[in-house]
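Chains, contacts and geometry: an overview
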Amino acid sequence: MATELQYTSLDELKSIYDRLSATYKSGVTRPVAYRRKQLIQLARLMQDNQNALEEAQLADLGKPRFEVSFAEVSPVIQSALHAIEHVEEWARPEKPEVEAWRSSWDTTVYKVPKGVALIISPYNYPYILSFNPMIGAIAAGCPVVLKPSEAVPNCAALLAKLLPKYLDPNAYAVVNGGPTETTTVLGFRWAHIFFTGGIKVGQIVATAAAKHITPVTLELGGKSPVIVDTDCDVDLAAKRTLYGKLQNIGQLCVSPDYVLVPRSIAPAFRESLAKWHKDFWPETPLHPSSQWGKMVNSAHYKRVKGLIERSNGQVILGGDVDEKRISLTVVSGVSGNDSLMQEENFGPVLPIIEVENVDEAIEFVAERPIPLVLYAFTRSEETKQKLIEKTNSGRLALNDTFTMLAAHEIPFGGHGHSGYGSYYGQETFETFTHRRGFTNVPPEMEPAFGLRYPPYTEEKYKA
Ligand code: NAD
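In the nomenclature of an unreviewed UniProt entry, the protein is known as Aldehyde dehydrogenase of Somion occarium. On record in UniProt, under Sequence similarities (unreviewed entry), the comment for the protein is "Belongs to the aldehyde dehydrogenase family."

Right, let's get into the overall build of the protein. Scanning the protein from terminus to terminus reveals 15 helices and 15 strands. For a compact globule of 463 residues, the expected C-alpha radius of gyration is about 23 Å, and the protein comes in at 25 Å, within 12% of that figure. The dimensions of the protein, computed from C-alpha atoms along their principal axes, are 85 × 55 × 35 Å. Across the 463 residues in the protein, those meeting the buried criterion constitute 46%. Contacts in the protein between residues far apart in sequence, at least 24 positions, make up 69% of those at least 6 positions apart.

Attention now goes to the UniProt feature "active site" (unreviewed entry) in the protein. Here the UniProt-annotated "active site" (unreviewed entry) positions come out as E219. Within the element layout of this structure, E219 appears in strand β6 (residues 216–219).

This part is about the packing of helix α3 (residues 50–61) against helix α6 (residues 153–166). Contact geometry of α3 with α6 gives a least axis separation of 7 Å together with a crossing angle of 150 degrees. Classified by the interaxial angle, the pair formed by α3 and α6 is roughly antiparallel. Two secondary-structure elements touch here, α3 through A52, L53, A56, Q57, A59 and D60 and α6 through P153, N154, C155 and L158. In terms of residue class, the contact of α3 with α6 is built from 7 nonpolar, 2 polar and 1 charged.

Attention now goes to helix α4 (residues 65–91). The end-to-end C-alpha distance of α4 is 36 Å, a good match for the 39 Å that 27 residues give at a rise of 1.5 Å each. At E85, α4 is deflected by roughly 45 degrees, the largest bend along its length. Of all the positions in α4, only V68, A71, E72, V73, P75, V76, S79, A80, A83, I84, V87 and A91 are classed as buried.

With that settled, the discussion passes to the nonpolar core. Ranked by size, the top nonpolar core spans 120 residues in total, and within it L42, A117 and V228 carry the most contacts. Setting aside residues no more than four positions away along its own chain, L42 makes contact with A80, F131, I135, I138, Y166 and L167.

On to helix α11 (residues 298–310). Between its first and last C-alpha, α11 extends 18 Å over 13 residues, near the 18 Å set by a 1.5 Å rise per residue. Listed as buried for α11 are V304, L307 and I308. Looking down the long axis of α11, one finds its buried residues gathered within 95 degrees of arc, a one-sided arrangement. Exposed positions of α11 whose direction lies more than 90 degrees from the buried face are S298, A299, K302, G306, E309 and R310. Looking at the buried positions of α11, the neighbouring elements they touch are β10 (329–332) and β11 (349–355).

A word on the sheet that holds strand β2 (residues 117–120). Taken in spatial order, the 6 strands line up as β4-β3-β2-β5-β6-β14 in an open sheet, and their pairing is mixed. Both edges of this open sheet fall to β4 (172–174) and β14 (419–420), since each of them pairs with a single strand only. Examined bridge by bridge, β2 and strand β5 (residues 192–196) share 4 bridges and lie parallel to one another. Note that in β5 the partner of A117 across the bridge is H192.

Take the site of the ligand next. Taken together, 27 residues form the shell around the ligand, and within it P122, G197, V201, G221 and C253 come nearest. By residue number, the principal contributor to the shell around the ligand is helix α7 (residues 179–186), which donates 3 residues. Each residue belonging to the shell around the ligand can be placed in one class, and the counts come to 12 nonpolar, 11 polar and 4 charged.

A few words on the environment of G27. Relative to the elements of secondary structure, G27 occurs in the loop between α1 (10–26) and α2 (32–48). Note on G27: 11 C-beta atoms within 10 Å, which makes it exposed. Between the C-alpha atom of G27 and that of D233, which follows or precedes it by 206 residues, the distance is 56 Å.

We now examine the sheet that holds strand β9 (residues 314–317). Pairing is mixed in the open sheet, where 7 strands are placed in the order β9-β10-β11-β8-β7-β12-β13. A single partner strand is all that each edge strand has here, and the edge strands are β9 and β13 (395–398). Averaged over neighbouring strand pairs, the angle between their axes works out to 25 degrees when direction is ignored. Bridge analysis of strand β7 (residues 224–228) against strand β12 (residues 373–377) gives 3 bridges, and the strand direction is parallel.

Rules and cut-offs
Residues numbered from 1 in each chain as written. Predicted model: local features only at pLDDT ≥ 70, side-chain atom pairs only at ≥ 80, totals over all residues. UniProt positions renumbered as here; feature names shortened; annotations may be inferred. Helix = DSSP H or I, 4+ residues; strand = E, 2+ residues; numbered from the N terminus. Rg over C-alpha atoms; globule rule 2.2 N^0.38 Å. Buried ≥ 20, exposed ≤ 12 C-beta atoms within 10 Å, placed from the backbone. Contact = placed C-beta atoms within 7 Å. Axes fitted to C-alpha atoms, helices over the stretch in contact; angles between N-to-C directions. Parallel < 35°, antiparallel > 145°, perpendicular 65-115°, else oblique. Nonpolar A, V, L, I, M, F, W, Y, C, P; charged D, E, K, R; others polar. Expected span 1.5 Å × (residues − 1). Bend = angle between axes of the 7 residues up to and from the residue. Core = buried A, V, L, I, M, F, W, Y, C linked by C-beta atoms within 7 Å. Arc of directions from axis to C-beta. Pairing = 2+ DSSP bridges. Near = placed C-beta within 6 Å.

Written as C-alpha cells, this is what we have:
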C-alpha cells in the first residue's frame, strides 16, 4: 500500500474553511433530519468499507484486522446508531422548573450548534478518535473539518477519499498535512476545537485557540497505572493487564503504563504474567503467526527500545526485537526514577514496581501527574473508597482494563495533565452545543414590577 499522503494546499485550507462557514450560516446543518441523514451515512461509510479500513491500518500500524473491527469499526457504527436514536431528544429545548413568580417567562434552554468545528486526531486509533467526536458534532448540527494524523498516511488518505463520498462535502471535510498545515488551520477562528494527542501539541492547540476565545477539548495521554491489591484474583489481574497492554501493542492512550504490586504477591503476579504471555503467544509476539503490530515509525521504535535499554530493571518477558517491532516486554524491579517512569511509554513495555502495600501504591500515584485512567484490581470496599478519595484520574476503572471504554454512559476525558473536557454519548453532543438561555417577560407582568423603577423611595426600599 504505502501511500504518499497528499497534503492539502494552504489556499485550499482557507477555501474549505470559508465553504463550511457559509454552510453553517445558511442553516442547512440544523434540521434534525439532516443530522440523522449524515449520521446514517457515516455508519454506512464504516460498514461498506470495512475491508479497506482494515487494510489501511494493517499497512500503517500492522494492526490486526480483528482489533480494527472490534475496537474501531463496530464501536463507531454503534456510536452513530446511538446518536441517530437520541439526537431528537438531545436537541429538544429544555424547560427548567422555575420559581412561581417567573412562571410566565417561557424560561428555556435552546441547544444551538456552536458553529464550524475542528477535530484533530492522533495516529493510534485513526478512525474512532476522528469519528466519535465527529458524531457528536454532526448530531449537534456543526460542520466539521477533520485533520487526521499524517503519521498514518494510508488511513489519512482513505478518510480524505471516503468522507466526501458519504457526507455532505459542503459541511464536512478532511484536510491532510503536518505541523505547517495544522498551524495554518489553527490560525482560523473555530467554534470548537477537539484535540486528541500528546501534551506538547495539546499546549500548542490550546494557545492558538486562546487567541480566538475558542473552547477546546484536550484529550491527552499520560501514565495510567495499575494497582494490584493483595485480595484480588492475581491470575486474572495479570491476564487482564496483559490484555490491556497488547492492544495496538501499547500505542493506546489508556494502555496500562506500569503496575504497582505488593511484594507479598509480586512472585505470583509475575508467574501469571509469564503463563498468559505464553498462552497468548506460544512462540513470541514477533512470530509470523502472532499478528503483532509495529511501532508507527522509527522514531517511536527507537524511543521505546531506548527506554527498555536504559532501564535498571530486569527484562523478565519478551525483550526481543526485529527491525520495526518490539515484543511485549515486561520489566521487573523498576523504581520510580527509572527510564521507564519518565514519560508515557506508549509502546509494548510493562514496568513492574514493587511496593509494600496498596497505601504505598496510592501515595505513589498521588505524587505524580494525574493520569488519564487509574486501574486497580481489588475486591475490597475499603480499597475502593481509598482510591476514590485519595487519588485523581480521568477515569477510575476496577478489575479490568481496555474494555472499560465500552461504558459510553459515563464521561471519558482527562483531568490535570491528561487534559480537559470529556465526551461519549450525549456528552459529545453537548461538547459541540451552546446551551442558549432564553426568557420572554410578558408585558402583563408590569403591575408586579411597580417597585423596581426609580425613584427609589424609602417606602419602596422598606417594602
Ligand atoms: P501528537 O500530539 O503527536 O499528534 C496529534 C495530532 O497533532 C496529529 O494530527 C498531528 O498531525 C498534529 N500535530 C503534530 N504536531 C503538531 C504541531 N506542531 N502543531 C499542530 N499540530 C500538530 O500525538 P500522536 O503521537 O499522534 O498520538 C499519541 C498521543 O496521543 C499520546 O500521548 C496519547 O496518549 C494521546 N492520545 C490520547 C487519547 C485520549 O483519548 N485521551 C487517545 C489517543 C491518543
